Amino acid sequence: MSPPKFRVAICGGGVGGLTLAVAFSQYPDIVVDVYEAAQSFYEVGAGLGVWPRSFKVLRKLGYDLERQLIQRCGYEFTEEYVPCIKHRKSDQTVGFQLFDLVTKGNQMRFHRADFHGVLLSHLSPSCTTYNAKRLKSYIQPRSRKSPIKLIFQDGSTATCDVLIGADGIKSSVRPCMMRELAEVVGPHEKQSVLSCMNPIWSGVTAYRTLIPAEKLRARCPNHRVFAGGITQYLGKDAFFLAYSISLGKYINFAGFTLQPDLVNTAYEADPRMPRRSFQGRADSDWVGELTAEQFVEPFKDFEEDAKQILKCVERGTLWAVHTVKTLPSTNFGRVALLGDAAHAMLPFQGAGAGQSIEDAYLLATVLGHKATTLDTVPRALAIYDKLRRPFSSDVALRSRLNGQLCALQTNVPLHRLGNTVTKNWEWAWLTELDDALEEAVKLVENSSINIRL
């Protein structure tokens with residue numbers, strides 16, 4: 001058996017990190033270590049949605065994986081046009097239907113733990129996973145022949161040839177990489193690069209809870225939310241969506257308030273609000289517990305249809321939604337970022353998980369290619385950055401705009417809202433990653449094409 005061509009360390013065992021590890025299974029000459037900060041890969045909590053463009057990427061990982069995901073999802077994937085999200089004008093006594101978002105192909109929705117479980121079951125023997133391993137920093141030598149040293153918060157260390165930061169919005173890899181990059185840019189660019197190290201508040205606050213379906217059914221047995229699909233209730237500066245999950249056992253509620261004047265300011269949590277802690281990470285000032293009364297406050301003047309849902313709320317959580325500035329680069333030397341570590345975006349197109357999946361597959365394609373060696377890893381990562389960073393940055397802008405449209409903060413008249421939302425979103429079902437993959441292979445194979453490192 002031939003020796004491995006290099007060892008890849010993936011910091012972060014979420015959607016992007018595990019997808020990358022599975023994608024590397026196609027390349028047995030690459031040894032992979034996955035380091036996850038939490039005690040378990042089976043993260044508890046929020047679900048995730050994957051649009052047709054990104055689900056087609058998951059299908060490339062094999063038929064068995066695809067069928068297991070569909071089984072967990074509970075319904076088949078289709079590429080036909082289907083109704084997806086009903087949008088209502090709701091910040092008034094009597095609301096009305098604005099438009100139905102129709103998509104070419106359906107969004108596949110998963111419980112996060114189920115999704116992680118399927119990916120974990122498809123890791124190759126050349127992949128080793130570690131839990132309770134939170135990266136503190138790394139040291140990247142100038143010599144490409146020398147290994148990168150990983151330093152963990154528990155005091156332990158490890159080495160790798162290539163480091164991928166898939167460790168989310170609070171990435172430990174990103175600030176280290178930005179400091180490295182700041183040392184080689186001009187003096188006028190240095191501060192701009194360093195400003196990308198930490199997350200920034202978007203001015204958006206999210207309200208999340210689960211409502212027992214039987215409670216809403218007892219109050220309103222024919223409520224529209226039971227008809228299937230997603231219903232979104234729009235209002236000035238605030239909106240929420242609701243839909244059935246867990247085979248109809250619960251109603252998932254996600255609400256938002258948008259404060260444009262607070263974008264990029266420091267988030268200040270209400271000191272009266274209890275903090276919420278999470279397994280594997282410290283208490284966060286971004287997340288707090290709300291009583292039912294506090295939770296429904298932003299939506300209290302919505303139409304009766306919406307109030308029927310709000311009256312069923314028992315408690316909930318408030319999230320200060322943070323993002324990452326558009327980075328000057330997602331790679332430096334033999335280190336790269338993917339997913340939220342690279343481009344944490346607003347949730348208004350449900351695109352974050354999908355962009356992590358696309359990052360991972362293209363990254364595995366350029367690193368796994370037979371033409372890529374340890375010496376050419378920096379060029380392969382630069383190709384990844386060239387092809388993925390502009391696209392994910394555009395998706396982030398589109399997600400922000402979609403939130404503004406749903407919060408009725410633009411000059412788009414109501415009768416044009418449906419067409420505007422659809423045009424802004426249709427990249428998720430009318431485009432594919434394949435063109436970028438073909439371009440990536442072409443650039444890897446033709447070393448005479450100049451790539452900025």
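Sequence order sets the numbering: in each chain, residues are counted from 1 along the sequence as written. Selection of residues for local features in this predicted model requires a pLDDT of at least 70, selection of side-chain atom pairs for listing and counting requires 80 or more, and totals for whole chains, interfaces and linings are taken over all residues. Hydrogens are left out, water is left out, and the side-chain values use all remaining heavy atoms of the structure.

Under the annotation held in an unreviewed UniProt entry, the chain carries the name Salicylate hydroxylase and is attributed to Suillus fuscotomentosus.

Some points on the overall build of the chain
Runs of E in the DSSP output that reach at least two residues are strands. Runs of H or I that reach at least four are helices, and both are numbered from the N terminus. In terms of helices and strands, the chain carries 15 helices and 20 strands. Relative to a compact globule of 453 residues, whose C-alpha radius of gyration would be 22 Å, the chain shows 22 Å and is just as compact. The buried share of the chain, taken over its 453 residues, is 53%. Across the chain, every contact between residues at least 6 apart in sequence was considered, and the portion connecting residues at least 24 apart equals 72%. Entry remark: accessible area of the chain is about 20,200 Å², with carbon and sulfur atoms responsible for 50%. Here the positive residues are Lys and Arg and the negative ones are Asp and Glu; neither His nor the chain ends is included. Think of each charge as sitting on NZ of Lys, CZ of Arg, CG of Asp or CD of Glu. Between the centroid of the 53 positive side chains of the chain and the centroid of its 46 negative side chains there is a distance of 2 Å. Values of the radius of gyration come from C-alpha atoms, whereas the globule rule sets the reference at 2.2 Å times the count of residues to the power 0.38. The cut-offs for exposure are 20% and 50% of the maximum accessible area for each residue type, with area from a 1.4 Å probe on protein chains only; residues under the lower value are buried, those over the upper are exposed, and the others partly exposed. In what follows, a contact means two residues having at least one pair of non-hydrogen atoms within 4.5 Å. Throughout, the Shrake-Rupley method with a 1.4 Å probe supplies accessible areas, and for residues the shown protein chains are the sole cover considered.

Some remarks on unusual backbone geometry
Located in the positive-phi region is A132, a residue other than glycine, with phi close to 55 degrees. Here A132 is to be found in the loop between β7 (127-130) and β8 (135-139).

Comments concerning the sheet that holds strand β9 (residues 148-152)
Strand order in the open sheet formed by 3 strands is β8-β9-β10, and the pairing between neighbours is antiparallel. Only two strands of the sheet have a single partner each, and these edge strands are β8 and β10 (157-160). Between one strand axis and the next, the sheet turns by 25 degrees as a mean value, whatever way the strands run. At least two bridges found by DSSP between two strands is the condition for calling them paired. Strand direction decides the pairing type here: β8 and β9, joined by 4 bridges, are antiparallel. Note on geometry: axes are C-alpha line fits, over the in-contact stretch for helices, and angles between N-to-C directions span 0 to 180 degrees.

Focus on the sheet that holds strand β20 (residues 335-337)
Across the sheet, which stays open at both edges, the 6 strands sit in the order β7-β2-β1-β11-β20-β19 with mixed pairing between neighbours. The sheet is open, and its two borders are formed by β7 and β19 (331-332), each paired with just one other strand. Helix α1 (residues 15-23) contacts β1 (6-11), β2 (30-35), β7 and β11 (162-165) of the sheet and is inclined by roughly 160 degrees relative to β1.

So, helix α2 (residues 52-59)
By the criterion of burial, α2 is predominantly enclosed, with 7 of the 8 residues buried. The complete set of buried residues in α2 reads P52, R53, S54, F55, K56, V57 and L58.

Re the pattern of salt bridges
Think of a salt bridge as a Lys or Arg side-chain nitrogen and an Asp or Glu carboxyl oxygen that are within 4 Å of each other. Scanning the model with the defined rule gives 22 salt bridges in all. Its salt-bridge partner being D33, residue R7 comes within 2.6 Å of it at the nearest N-O pair. Here D33 lies in strand β2 and R7 lies in strand β1, a separation of 26 residues in the sequence. Given a relative accessible area of 33%, R7 falls into the partly exposed group.

Here's the deal with the state of the cysteines
Defined by distance alone, a disulfide is two cysteine sulfur atoms within 2.5 Å. Across all of its chains, the model carries 0 disulfides by this definition. In this model C11 remains outside any disulfide bridge; the closest cysteine sulfur is found in C160, 7.5 Å from its own. Free of any disulfide, C220 has its nearest cysteine sulfur in C312, 8.8 Å distant.

So, the environment of G13
The residue G13 is located in the loop between β1 and α1 in this model. For G13, a relative accessible area of 1% corresponds to the buried category. For the pair G13 and F115, spaced 102 residues apart in sequence, the C-alpha separation works out to 12 Å. Setting aside anything within four residues of it in sequence, one finds G13 in contact with L18, V34, Y35, E36, F41 and H116.

Quick word on the pairing of strand β4 (residues 81-89)
Bridging between β4 and strand β5 (residues 96-104) involves 8 bridges; their strand directions are antiparallel. Across the sheet, V82 pairs through a bridge with T103, a residue of β5. Hairpin geometry of β4 and β5 is characterised by an intervening segment of 6 residues between the two adjacent antiparallel strands. Here β4 runs beside strand β13 (residues 230-235); their pairing, made up of 5 bridges, is parallel. Looking across to β13, one finds that R88 is bridged to Y233.

What about the UniProt feature "domain: FAD-binding" (unreviewed entry) in the chain?
UniProt positions are given in the numbering used here, feature names are shortened, and annotations may be inferred rather than shown by experiment. UniProt records the feature "domain: FAD-binding" (unreviewed entry) for residues 7-177 and 313-396 in the present numbering. Regarding residues 313-396, the helix share stands at 49% and the strand share at 17%, and the terminal C-alpha atoms are separated by 31 Å.

Describing the side chain of S172
Within the secondary structure, S172 is located in the loop between β11 and α5 (173-182). The exposure class assigned to S172 is buried, which follows from its relative accessible area of 16%. Excluding residues within four positions of it along the chain, S172 makes contact with L135, K136 and D167.

With respect to the confidence of the model for the chain
Think of pLDDT as the predictor's per-residue confidence, scored from 0 to 100. Residues of the chain with pLDDT of at least 70 account for 95%, and the chain-wide mean is 93. Considering only residues more than four positions removed or in separate chains, one finds that residues 278-283, a stretch of pLDDT under 50, has 12 contacts.

Points about the packing of α1 against helix α4 (residues 112-120)
Running from N to C, α1 and α4 point in directions that differ by 20 degrees, and their axes come no closer than 9 Å. Taken as axis vectors, α1 and α4 run roughly parallel relative to one another. Two packed elements cross with a definite hand, and for α1 against α4 that hand is left-handed. Contact residues: α1 offers V15, L18, T19 and V22, while α4 offers R112, F115, H116, L119 and L120. As a working rule, the residues Ala, Val, Leu, Ile, Met, Phe, Trp, Tyr, Cys and Pro are called nonpolar, Asp, Glu, Lys and Arg charged, and the rest polar, with Gly in that last group. Looking at the contact of α1 with α4 residue by residue, the class counts come to 6 nonpolar, 2 polar and 1 charged. To sort the angles, those under 35 degrees are grouped as roughly parallel, those over 145 as roughly antiparallel, those from 65 to 115 as roughly perpendicular, and the leftovers as oblique. Each helix crossing is assigned a hand: it is left-handed if the near helix lies turned anticlockwise from the far helix by less than a right angle, otherwise right-handed if that turn is clockwise.

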